[in-house]
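In case you want the letters, here they are:
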Amino acid sequence: MTQRFSKTVRDKVVQLVGPPYLSAVGRLESGVIRVLLVHDVTSDTLDWFTGVVEWIERNGGFLTPNEAQSFFRARVWPGPRYLLTFDDGFQSSFKAAREILEPRGIKVVFFVCPNFIGLRSHEAERFVRDFIFEGKQLPLSQDLCAMTWEEVESLLKAGHTIGSHTLTHARLSNVKDHERLHGEIVTSRDILNARLGVPVTWFAYPFGSIDSMSRKAHQLISDNYEFCCTNIRGHHLAGDEPSLIWRESLSGFEDLSYTKLVMRGVLDWRYYRRRKELLESY
Ligand SMILES: [Zn+2]
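Residues numbered from 1 in each chain as written. Predicted model: local features only at pLDDT ≥ 70, side-chain atom pairs only at ≥ 80, totals over all residues. Heavy atoms only, no water.

Asker: Could you clarify how one ought to interpret the packing of aromatic side chains in this entry?
Answerer: Centre-to-centre distance and the angle between the planes together describe a pair of aromatic rings. Evaluated as defined, the whole model comprises twelve aromatic pairs. Between Phe 116 and Phe 127, the aromatic rings sit 4.9 Å apart at their centres with planes inclined by 25 degrees, giving stacked as the arrangement. Within this pair, whereas Phe 116 is found in the loop between strand S3 (109–112) and helix H5 (121–132), its partner Phe 127 is found in helix H5, the two being separated by eleven residues in sequence. For the pair shown, Phe 116 and Phe 127 are each scored as buried. Grouped by ring-pair contacts, the aromatic residues Phe 71, Phe 72, Phe 111, Trp 202 and Phe 227 constitute a single cluster. Lying over the aromatic face of Phe 207, Arg 171 brings its terminal NZ or CZ to 4.0 Å of the ring centre. (Phe/Tyr/Trp six-rings, centres within 6.5 Å; stacked < 30°, edge-to-face > 60°. Helix = DSSP H or I, 4+ residues; strand = E, 2+ residues; numbered from the N terminus. Buried < 20%, exposed > 50% of the residue type's maximum accessible area, 1.4 Å probe, protein only. Lys NZ or Arg CZ within 6 Å of the ring centre and 35° of its normal.)

This is the structure we're talking about:
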């Protein structure tokens, strides 16, 4: 009941505040990019995802991963504002790329866990329950499946970028053993390098919240990758430090009107302290 009430209130606020807020923020957003995070695109969230893609095409456009790299390295703002990323390696995100992104020429970054890739039905389900949901009894979507290695390779061939999301979707702040930490961060990259035949320079923290990160893990990530994504909300200006990339997490279970506000950065202020703490201490 409380949830239904707050959702109704939120929808009203979005309706009232949305349009004027969006036009004001739109004027301030020149030179800014935002990195977006989606997990899976199940059959019941396909319309929502199509809505997200169409909205981005009308409101700033998609950056390619290469353009995002130049944005961080060479302080060049290419014009488009949104880089889309997918975490975990769900087959549904592969299908979304094939059916919705590729006909439009959109290139994205897929962060995958090598130990998840290739798992079928029950094994994939067990991996999700044990490692992605960390044992929590959350509802599993019906069409849950991991990508195959052939699918990962074909994404690369189609011009997308593949990054590491650790071997086992580990919460790195809990990994104290150096050898295991090395495996999660460095071996996962080496497996992807060897399998795909290209250097892997992108990494995304599983969970991505401040309490799932550690200085020790971050040092190892910075030594082995150039671009590291968190799940802390925020935007970027050209030349920002690419070892702490902020991302706006989007969910197909939210209303599209709410997702649009998130993509505009309406929730960023809530993450100011977390961004500051990370920039000062990492
Ligand atoms: Zn993940």
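Picking up where we left off.
Asker: How should the confidence of the model for the chain be read in this particular structure?
Answerer: If pLDDT is low for a region, its predicted coordinates should not be looked at in detail. With 89% of its residues at a pLDDT of 70 or more, the chain shows a mean pLDDT of 89. Below pLDDT 50 for its whole length, residues 1–5 participates in zero contacts with residues either more than four positions away or in separate chains. (pLDDT = per-residue confidence, 0-100. Contact = heavy atoms within 4.5 Å.)

Asker: Help me understand the environment of Arg 247 in this model?
Answerer: With respect to the helices and strands, Arg 247 occurs in strand S8 (residues 247–249). It is 8.9 Å that separates the C-alpha atoms of Arg 247 and Thr 85, two residues lying 162 residues apart in sequence. Leaving out residues up to four positions away in the same chain, Arg 247 has contacts with Val 35, Leu 37, Thr 85, Asp 87, Phe 111, Ala 204, Tyr 205, Cys 229, Thr 230, Asn 231, Ile 232 and Arg 233. Polar contacts involving the side chain of Arg 247 include one to the side chain of Asp 87, which spans 2.9 Å. At 2.9 Å, the side chain of Arg 247 forms a polar contact with the backbone oxygen of Thr 230. (Polar contact = N/O pair within 3.5 Å; in protein donor to acceptor, adjacent residues only side chain to side chain.)

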